[in-house]
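Coordinate analysis (summary)
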Amino acid sequence: MNKKIKLAIISRGFSPDTISGRETVIYNLWKMAKQHYEVSLISGWKNNPTLLPKDSYKIDISTKNKAINYLKFYWDCRKYLKNINPDLILANTLEIPKMNIPTAMIVYDFNFGKAVGFENNSIIKRSLIYQKLKSVDKVIAISSATKKNILKLGINSKKVNTIHVGVDTNKFVPKYPSNTKFTIAYPSRILSGKGQHLAIEAIKLIAPELRNKLRLIIAGYISDNKYYKKIKELAEGLPVDFETNVTDLVQHYQKADIVIFPTLMEEGFGYTAVEAMSCEKPVIYTDFPAILESTGNIGINFKRGVASKLAEGITKLYKDKKLRLKMGKEGRNYVLNHYRWDKVFRNYQKVYNELLVNEKNG
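Procedures and definitions
- Residues numbered from 1 in each chain as written.
- Predicted model: local features only at pLDDT ≥ 70, side-chain atom pairs only at ≥ 80, totals over all residues.
- Heavy atoms only, no water.
- Helix = DSSP H or I, 4+ residues; strand = E, 2+ residues; numbered from the N terminus.
- Contact = heavy atoms within 4.5 Å.
- Pairing = 2+ DSSP bridges.
- Axes fitted to C-alpha atoms, helices over the stretch in contact; angles between N-to-C directions.
- Expected span 1.5 Å × (residues − 1).
- Buried < 20%, exposed > 50% of the residue type's maximum accessible area, 1.4 Å probe, protein only.
- Arc of directions from axis to C-beta.
- Polar contact = N/O pair within 3.5 Å; in protein donor to acceptor, adjacent residues only side chain to side chain.
- Patch = residues over 30% accessible without salt bridge, like charges linked within 9 Å, V, L, I, M, F, W, Y side chains within 5 Å.
- Areas by Shrake-Rupley, 256 points an atom, 1.4 Å probe, with all protein chains shown as cover.
- Salt bridge = Lys/Arg side-chain N within 4 Å of Asp/Glu carboxyl O.
- Core = buried A, V, L, I, M, F, W, Y, C linked by side-chain atoms within 4.5 Å.
- Parallel < 35°, antiparallel > 145°, perpendicular 65-115°, else oblique.
- Nonpolar A, V, L, I, M, F, W, Y, C, P; charged D, E, K, R; others polar.
- Lys, Arg positive; Asp, Glu negative; His and termini not counted.
- Charge placed at Lys NZ, Arg CZ, Asp CG, Glu CD.

Within the secondary structure, Thr169 is located in the loop between strand E7 (160-162) and strand E8 (182-187). Leaving out residues up to four positions away in the same chain, Thr169 has contacts with Ser278, Arg332, Val335, Leu336 and Arg340.

This is the structure we're talking about:
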């Protein structure tokens, strides 16, 4: 019997301790890898270490001092890797040490959690990203748009692979609720870069006679409490409900008539839009390149930050049921054809095999 390849997966966060698209991706890659490799997970935690898998290597990054968290993750990761001695490393964070082990790094985006134009120390961070990507053996971009940004840094195109992320199409499935009001959902982390305030402003701009027939549900984990308080105030007197700190957003997609994604961040993919499409929901989203790419241009896009255009899109879909049904069907089919996790994982296996061959050949 052939010995199983030892794969170390390194992530700064892991679901459900940390919830975002990044954690969704690494969780599914970890879950599928366990069927084929001897997998060790090294992950940071911020809230509760017991939320991580029992057999994982856990690193406390819960302090407010980012420099301390960075150094702790780096040195603990180095210690654990020496103990594991893996054949391969898959990482999605910059804090990994150089260990002379074939390493692939996933790059999601360059927004650093901020809206475009408001990145803190972006020049310094881009320099750090360049140095790290230059040192690893393979770079995996989650979209062609992200790959373009990687190449702009000066990274050799031969070491960069584009692999779109996957969607659990058996979990994100269509359901057709009987809503008393036309329900608009925005499932996402709650922070300024995601543009929940823009969604509320759009509702405010819709004519009162139509607005009374609508309901906006903002659902997601609160990443910024100050921002959450501000948008709660902004929503006063409007048909807006908040569902916060939910660990599973599927039901919020499913009980919606339409889903919106007015993000102000230059997303690396467009997870909210694609998960909605998997649930057969029509989507209105910001016109960032990666979102246009990931949706296959199915749905309605609008210029970043323009609440009036979002309001127009909502009004259009409210009035045209046939268009909603058409977009929903097209979206579900597109996801089934492009984003099934088994297909995505096979592309990762190709990268792993290439790394092993290169290592063997010296």
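The structure having been displayed, the exposition proceeds.
For sheets, the rule is that strands pair by backbone hydrogen bonds, running either parallel or antiparallel. In space, the 6 strands of this open sheet follow the order E10-E9-E8-E11-E12-E13, with parallel pairing throughout. Pairing within the sheet leaves two strands with one partner each, and these edge strands are strand E10 (240-244) and strand E13 (300-302). Each neighbouring strand pair of the sheet contributes to a mean axis angle of 20°, computed without reference to strand direction. Alignment of E8 against strand E11 (residues 258-261), held across 2 bridges, turns out to be parallel. Following the sheet pairing, Ile184 is matched in E11 by Ile258. Against the sheet, helix H11 (residues 307-319) makes contact with E8, strand E9 (214-220), E11, strand E12 (283-286) and E13, and its axis sits at roughly 165° relative to E13, the strand it touches most.

The subject of this paragraph is helix H2 (residues 66-84). Compared with an ideal rise of 1.5 Å per residue, which puts 19 residues at 27 Å, H2 spans 26 Å between its outermost C-alpha atoms and is within 8% of the ideal. Among all positions of H2, only Asn69, Phe73, Asp76, Cys77, Tyr80, Leu81 and Ile84 are buried. Each buried residue of H2 lies within a common arc of 140° when the element is viewed along its axis, so the set occupies one face. Across H2 from its buried face, at more than 90 degrees, point the exposed residues Trp75 and Lys82. Between the side-chain oxygen of the N-cap and the backbone nitrogen of Ala67 there are 3.0 Å, and the N-cap of H2 in question is Asn65. The first or second residue beyond H2 is Asn85, which carries a positive phi of 50°.

This brings us to a nonpolar patch on the surface. Together, Tyr70, Leu71 and Trp75 line one region of the surface with nonpolar side chains, adding up to about 330 Å² of accessible area. Relative to the helices and strands, Trp75 resides in helix H2. For Trp75, a relative accessible area of 52% corresponds to the exposed category.

By the criterion of burial, E8 is predominantly enclosed, with 6 of the 6 residues buried. Of the two faces of E8, both are covered, the one formed by Phe182, Ile184 and Tyr186 as well as the one formed by Thr183, Ala185 and Pro187. For E8 and E9, the ladder comprises 6 bridges, and the chain directions are parallel. The residue of E9 that forms the bridge with Ala185 is Ile217.

This next bit is on the sheet that holds strand E2 (residues 38-45). Read from one edge to the other, the open sheet built from 7 strands follows the order E3-E2-E1-E4-E5-E6-E7, with strand pairing classed as parallel. The open sheet has two free edges, formed respectively by strand E3 (57-60) and E7, since each of these has just one partner strand. Mean inter-strand twist for the sheet, computed between neighbouring axes without regard to direction, equals 20°. Where strand E5 (residues 103-107) and strand E6 (residues 138-141) come together, 4 bridges link them in parallel fashion. Bridge pairing in E6 links Ile106 to Ile140. Sheet contacts for helix H1 (residues 21-33): strand E1 (6-11), E2, strand E4 (88-91) and E5; angle to E1, the most-contacted strand, approximately 165°.

Let us now look at the nonpolar core. Grouped burial of nonpolar side chains is what soluble globular proteins tend to show. Counting residues in each nonpolar core, the largest one holds 88 residues, and the members touching the most others are Leu90 and Ile314. Once residues lying within four places of it in the same chain are set aside, the contact partners of Leu90 are Leu7, Ala8, Ile9, Ile10, Ile26, Leu29, Ala104, Ile106, Ile140, Tyr348 and Tyr352. With 26 residues, the next largest nonpolar core counts Tyr80, Ile84, Ile101 and Leu133 among its residues.

At a closest axis distance of 11 Å, the pairing of H1 and helix H13 (residues 341-360) adopts a crossing angle of 80°. Between H1 and H13, the angle is such that the two are roughly perpendicular. Residues Thr24, Val25, Asn28, Leu29, Met32 and Ala33 of H1 form the contact with H13, whose own contacting residues are Trp341, Asp342, Phe345 and Tyr348. Tallied by class, the residues present in the contact of H1 with H13 amount to 7 nonpolar, 2 polar and 1 charged.

Looking now at H1. Each α-helix winds once per 3.6 residues, and so residues spaced three or four apart point in a common direction. End to end, H1 covers 18 Å across 13 residues, agreeing with the expected 18 Å (1.5 Å per residue, within 8%). Along H1, the residues classified as buried are Glu23, Val25, Ile26, Asn28, Leu29, Trp30, Met32 and Ala33. Considering only its buried residues, H1 is in contact with E1, E2, E4, E5, helix H9 (271-278) and H13.

Taken together, Glu38, Asp87, Asp137 and Glu359 make up a surface patch of like negative charges. Mapped onto the fold, Asp87 is located in the loop between H2 and E4. Among the residues examined, Asp87 registers a relative accessible area of 33% and is labelled partly exposed.

Here Asp224 lies in the loop between E9 and helix H7 (225-234). With relative accessibility at 29%, the residue Asp224 sits in the partly exposed group. Polar contacts involving the side chain of Asp224 include one to the main-chain amide nitrogen of Lys226, which spans 3.1 Å. A distance of 3.1 Å separates the side chain of Asp224 from the backbone nitrogen of Tyr227, its partner in a polar contact.

Taken by themselves, the reported measurements are silent on function.
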